[in-house]
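# Per-entry structural report
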Amino acid sequence: GDASLGPVTGMYATKNALVVFKRGAIYHVKGDPLNGFFAETLTRETGCVAPNTIREIPGLGLAFLADDAVNLLIGALANEGVPTQVVNLAEAIPETLRRLNRSAVINACAAVYHKDKEYWLCIPTIGYANNNLVLVFHYETQEWSERRWFPVSSILETPDANGDLLFASY
């Protein structure tokens, strides 16, 4: 749908649906092979610019990097009884996001570090093609911190009992 909003920029599979992102919109695909599938438009106000930043934050929703914000999609992942909406997680750090190198934003990546209850967002800043800044959202306290000069090209949390956070550099 909505060819005018550009190509698909990312997808996230949930327990009962697929969330599809474009740069300027978000859709919810539901259904089954017997009855068919349908797409529901969640918003045409915002979308995702970096697919490797889409991560589920426990108890909150689906975080992702948008053109001018770090957004959180609430109420779309399961039957949560919460109205579906998009909220800006980065209202407290607008100056930091102004430093984002938009021409290299596709390199941005993220992980959820369950052990410390953090969402790590690695971004390139103006003048750098590679990620050099990590923005950490502490989701229990709803606060941000920064890790400067972290050259992170890929990041993940190990699925074992340790739940370590690993990242690769350039």
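Above this note sits the structure.
To start, this report covers the structure provided alongside it. Predicted, not measured: the structure shown is a model, and the values here were computed from it.

Thresholds, definitions, all that
Residues numbered from 1 in each chain as written. Predicted model: local features only at pLDDT ≥ 70, side-chain atom pairs only at ≥ 80, totals over all residues. Heavy atoms only, no water. Helix = DSSP H or I, 4+ residues; strand = E, 2+ residues; numbered from the N terminus. Buried < 20%, exposed > 50% of the residue type's maximum accessible area, 1.4 Å probe, protein only. Contact = heavy atoms within 4.5 Å. Phe/Tyr/Trp six-rings, centres within 6.5 Å; stacked < 30°, edge-to-face > 60°.

Tracing the backbone through its elements, the reader meets valine 136 in strand 11 (residues 133-138). Under the relative-accessibility criterion, valine 136 is labelled buried at 0%. Here the alpha-carbon distance between valine 136 and alanine 39, two residues 97 residues apart in the chain, equals 33 Å. Here valine 136 is in contact with Glu118, Tyr119, Trp120, Glu143, Trp144, Ser145 and Arg147, once residues within four sequence places are set aside.

So, on to the packing of aromatic side chains. Here the structure, examined in full by the defined rule, presents five aromatic pairs. With 5.6 Å between their ring centres and 65° between their planes, tyrosine 128 and tryptophan 149 make a pair best called edge-to-face. Taken together, the positions of tyrosine 128 in the loop between strand 10 (118-123) and strand 11 and tryptophan 149 in the loop between strand 12 (143-148) and strand 13 (154-157) put the pair 21 residues apart, joining distant regions of the chain. Between the aromatic rings of phenylalanine 150 and phenylalanine 167, the centroid separation amounts to 5.8 Å while the plane-to-plane angle is 40°, which identifies the pairing as tilted. With phenylalanine 150 in the loop between strand 12 and strand 13 and phenylalanine 167 in strand 14 (residues 165-168), this residue pair connects regions lying 17 residues apart in the sequence. For phenylalanine 167, a relative accessible area of 40% gives the class partly exposed. An aromatic cluster of at least three residues, connected via ring pairs, comprises Trp120, Phe150 and Phe167.

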